[in-house]
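Each chain, letter by letter, is given below.
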Amino acid sequence: MADIQQSILLDAPKEVDVPAIERELTQLWKKASDDSDGSSSPVVRACSLNFIVFSEGVDTASGLEEIVSQVTVDHPSRIFLVSADRGASRAAMDAWVSARCSLPVPGGKQVCCEEINLVARGTDARKIPSVITSLLVPDVPTILLWKASVHPRDSVLLSVTQIADRVLSDSSEDVHPLESLVAWGGFVDEHRDRTAFGDMAWTHLDQWRTLLAQVFQPVELRSHLTALDAVTIEYSSTESPGHSGLSQALLCAGWLANSLHWVLVHPIRGKTDGAYAATFRVDEKAISLKIVETTPQGKRPGGIESITLRSTNGGEFSLRTSARGDCVLLAKTVGEVPQSSVESVHLQTEAELVSREMEVLHHDSSYESSLTAVVQ
């Protein structure tokens, strides 16, 4: 496997006073330019967008460094790594600035961008939106990755959403995401007129949605889509890394319901065996949906493990991921004829998923419609 390309910090982050951040950034580039005089790898300053990552807890920024180091290779940005401890008794805001550079190819230029670390405690967390707004690079898009709990009336989330072109959440990090998905759905609905939204859990679903579409691509199998009467989605959760497939399973169910025009009869509810169930209908035919937690396979993060669909006219279609997560077994039985195949898939890192989402600035209508179906 090829090594993952990363960017590195040019120097150790320099602690600065918040009002002096812009001045220190200017000095940072002046020093980098002076240091590169006569070298074979001159430093080139680049910025294609503003990238804001917000997390709760003052010790969380270090865990995001790896994501940023990979994302900025393809998307050089002015990066804002923001950590907030809003429950702290002492109000304070600390800042560090540094340059993040991609390692150049021989004879090439060293492309660098800026990283600003902000740590806010207590009531000073309210100042985060104004500090970020004053430091945004003009005339480039702004993307917010919200790595914290979603509360629709959160003043920081509300204010930063107003300046962002796209806002991303990550419901895969929530082991019990039902309430947060409902809250997020309401927030998206309220602000979608001016901002585009996304969810890393939805991005995880891309390969599953593609494979499901491929299963029913043959014309002779499409009648089974309108004859579906039972769908079971199995998911897993892991603690290290902390990752749950439940939100992915819920969004997958929302996508199926929205795409196939299912009408909700009984909303999703928990059962005594820990599963979730819902009932839909199309015309006069009922469709039962079951979402079940299962044991995670291998050492990969939790996610969807399998999807099984059954139709009233003798069809059963199953997709199950391998323990390593690098392939999916497709099994289908139409009548009494079983068939199976194996499809290779790419187990994407979180950095790869974030990088893909940073290329999308428009509304994802399929995601928004699927989220609406989940909220209903």
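The structure reproduced in this document is the subject of the present report.

Calculation notes
- Position numbers for residues start from 1 in each chain and track the written sequence from start to end.
- Reporting in this predicted model follows two pLDDT cut-offs: at least 70 for local features of residues, and 80 or more for side-chain atom pairs to be given and counted; totals over whole chains, interfaces and linings ignore these cut-offs and use all residues.
- Heavy atoms throughout the structure, all of them, feed into the side-chain values; hydrogens and water do not.
- Two strands pair under a simple rule: DSSP has to find at least two bridges between them.
- Numbering of helices and strands starts at the N terminus; helices are DSSP runs of H or I of at least 4 residues and strands are runs of E of at least 2.
- Each axis is a line fitted through C-alpha atoms, taken for helices only over the stretch in contact, and angles between the N-to-C directions span 0 to 180 degrees.
- The cut-offs work like this: below 35 degrees is roughly parallel, past 145 is roughly antiparallel, 65 to 115 is roughly perpendicular, and the gaps in between are oblique.
- By convention the crossing between two helices is left-handed if the near helix lies anticlockwise of the far one by an angle smaller than a right angle, and right-handed if it lies clockwise.
- Only heavy atoms matter for contacts: two residues are in contact if any of them lie within 4.5 Å across the pair.
- Residues are sorted three ways: Asp, Glu, Lys and Arg are charged, Ala, Val, Leu, Ile, Met, Phe, Trp, Tyr, Cys and Pro are nonpolar, and all the rest, Gly among them, are polar.
- Here the aromatic set is Phe, Tyr and Trp, taking the six-membered ring for Trp, and pairing holds for ring centres within 6.5 Å; pairs whose planes are under 30 degrees apart are stacked, those over 60 apart are edge-to-face, and all others are tilted.
- Working rule: Lys NZ or Arg CZ, within 6 Å of ring centre, within 35 degrees of ring normal, means a charge sits over the ring.
- Any cysteine sulfur atom paired with another within 2.5 Å is treated as part of a disulfide.
- For every residue, the accessible area obtained with a 1.4 Å probe (protein chains only) is divided by the maximum for its type, and the residue is called buried under 20%, exposed over 50%, and partly exposed between those limits.

## Quick word on the sheet that holds strand S17 (residues 304-311)
Item 1. Read across the open sheet, the eight strands follow the order S14-S15-S16-S11-S17-S18-S19-S20; overall the sheet is mixed. Among the strands making up the open sheet, the edge pair consists of strand S14 (263-270) and strand S20 (337-344). The sheet shows a mean angle of 10° between the axes of neighbouring strands, direction not considered.
Item 2. Relative to strand S15 (residues 276-282), S14 runs antiparallel, the two being bridged by five bridges. Counterpart to Arg 269 in the pairing with S15 is Ala 277.

## A short note on the packing of helix H5 (residues 178-191) against helix H11 (residues 365-375)
Item 1. Closest axis-to-axis distance for the H5/H11 pair is 9 Å, and the angle between their directions is 130°. The orientation of H5 relative to H11 falls into the category oblique. The hand of the H5/H11 crossing is left-handed. Two secondary-structure elements touch here, H5 through Leu 181, Val 182, Trp 184, Gly 185 and Val 188 and H11 through Tyr 367, Glu 368, Leu 371, Val 374 and Val 375.
Item 2. Per-class residue counts for the contact of H5 with H11 are eight nonpolar, one polar and one charged.

## Describing the packing of aromatic side chains
Item 1. Taken as a whole and assessed by the stated rule, the structure comprises seven aromatic pairs.
Item 2. In this structure, Arg 209 is placed above the aromatic ring of Trp 255, and the distance from its NZ or CZ to the ring centre is 5.8 Å.

## Quick word on the side chain of Glu 357
Item 1. Along the chain, the position of Glu 357 falls in helix H10 (residues 350-357).
Item 2. Not counting residues up to four positions away in its chain, the partners in contact with Glu 357 are Arg 166, Leu 168, Met 200 and Thr 203.

## Quick notes on the state of the cysteines
Item 1. Applying the stated criterion to the full structure yields one disulfide.
Item 2. With a sulfur-sulfur separation of 1.9 Å, Cys 101 is cross-linked through a disulfide to Cys 112. On the S-S bond that ties Cys 101 to Cys 112, the torsion sits near 110°, and the link is right-handed. Taken together, the residues Cys 101 in strand S6 (residues 92-102) and Cys 112 in strand S7 (residues 110-121) connect sequence positions 11 residues apart. Judged on exposure class, the residue Cys 101 and its partner Cys 112 are both buried.
Item 3. Cys 47 forms no disulfide, and the closest cysteine sulfur to it belongs to Cys 113, at a distance of 7.5 Å.
Item 4. Among the residues examined, Cys 47 registers a relative accessible area of 29% and is labelled partly exposed.
Item 5. Judged by its relative accessible area of 2%, Cys 113 is buried.

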